[in-house]
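Chains, contacts and geometry: an overview
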Amino acid sequence: MQSTFSERLKEALEYNNMTAAELCRRTGTPESVMSQYKSGKYKAKQRRLDQFSKALNVSVPWLMGLDVPMHEVKNDISELDEYLEALRTRPEMRMLFSLTKDATKEDVEKAVKVIEAILGK
């Protein structure tokens, strides 16, 4: 039996120990619309599904009520988004990236070892 979007939304909120209001703040969803989603009156369109999926760390097909795993095995796009966000918002990361973009694999491996030593890893 497939679950409905509203059931999955409520389950994901509970699993993440998140309130609907918090999800609204994170995704820019009006609370009146969220209550319609939770009641089952509205179903989210793709843009909202993507936002909810990311904020709740669940797969879109699962959130839509399909009989698939809650979490995707590996979300390389999410990891890439994190790296891109760090490059966008952290000047020191941009500097590090620009210094290493022409480096060889061996150069990068040496740099990683130096950074790990600095961080005590």
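A brief report on the enclosed structure follows. (Residues numbered from 1 in each chain as written. Predicted model: local features only at pLDDT ≥ 70, side-chain atom pairs only at ≥ 80, totals over all residues. Heavy atoms only, no water.)

Observations regarding the nonpolar core
With 20 residues, the main nonpolar core has Phe5, Leu9, Leu23, Met34, Phe52 and Leu56 as its most contacted residues. Those elements giving two or more residues to this core turn out to be helix H1 (5–15), helix H2 (20–27), helix H3 (31–39), helix H4 (46–56) and helix H5 (60–63). Those residues within four positions of Phe52 in sequence are excluded, and the remaining contacts are Phe5, Leu9, Leu23, Thr27, Thr29, Met34, Tyr37, Ala44, Asn57 and Leu63. (Core = buried A, V, L, I, M, F, W, Y, C linked by side-chain atoms within 4.5 Å. Buried < 20%, exposed > 50% of the residue type's maximum accessible area, 1.4 Å probe, protein only. Helix = DSSP H or I, 4+ residues; strand = E, 2+ residues; numbered from the N terminus. Contact = heavy atoms within 4.5 Å.)

Description of the pattern of salt bridges
Considering all chains together, one arrives at four salt bridges under this definition. Residue Glu22 pairs with Arg26 through a salt bridge whose shortest N-O separation is 2.8 Å. With a gap of four residues between them, Glu22 and Arg26 both fall in helix H2, about one helical turn apart. We note a salt bridge from Lys105 to Glu109, for which the minimum N-O separation is 3.8 Å. Pair noted here: Lys105 and Glu109 are both in helix H8 (residues 105–119), with a separation of four residues, about one helical turn. The exposure class assigned to Lys105 is exposed, which follows from its relative accessible area of 60%. In this structure Glu109 comes out as partly exposed when scored by relative accessible area, which is 39%. A single network of salt bridges, built from pairs that share partners, joins Glu22, Arg25 and Arg26. (Salt bridge = Lys/Arg side-chain N within 4 Å of Asp/Glu carboxyl O.)

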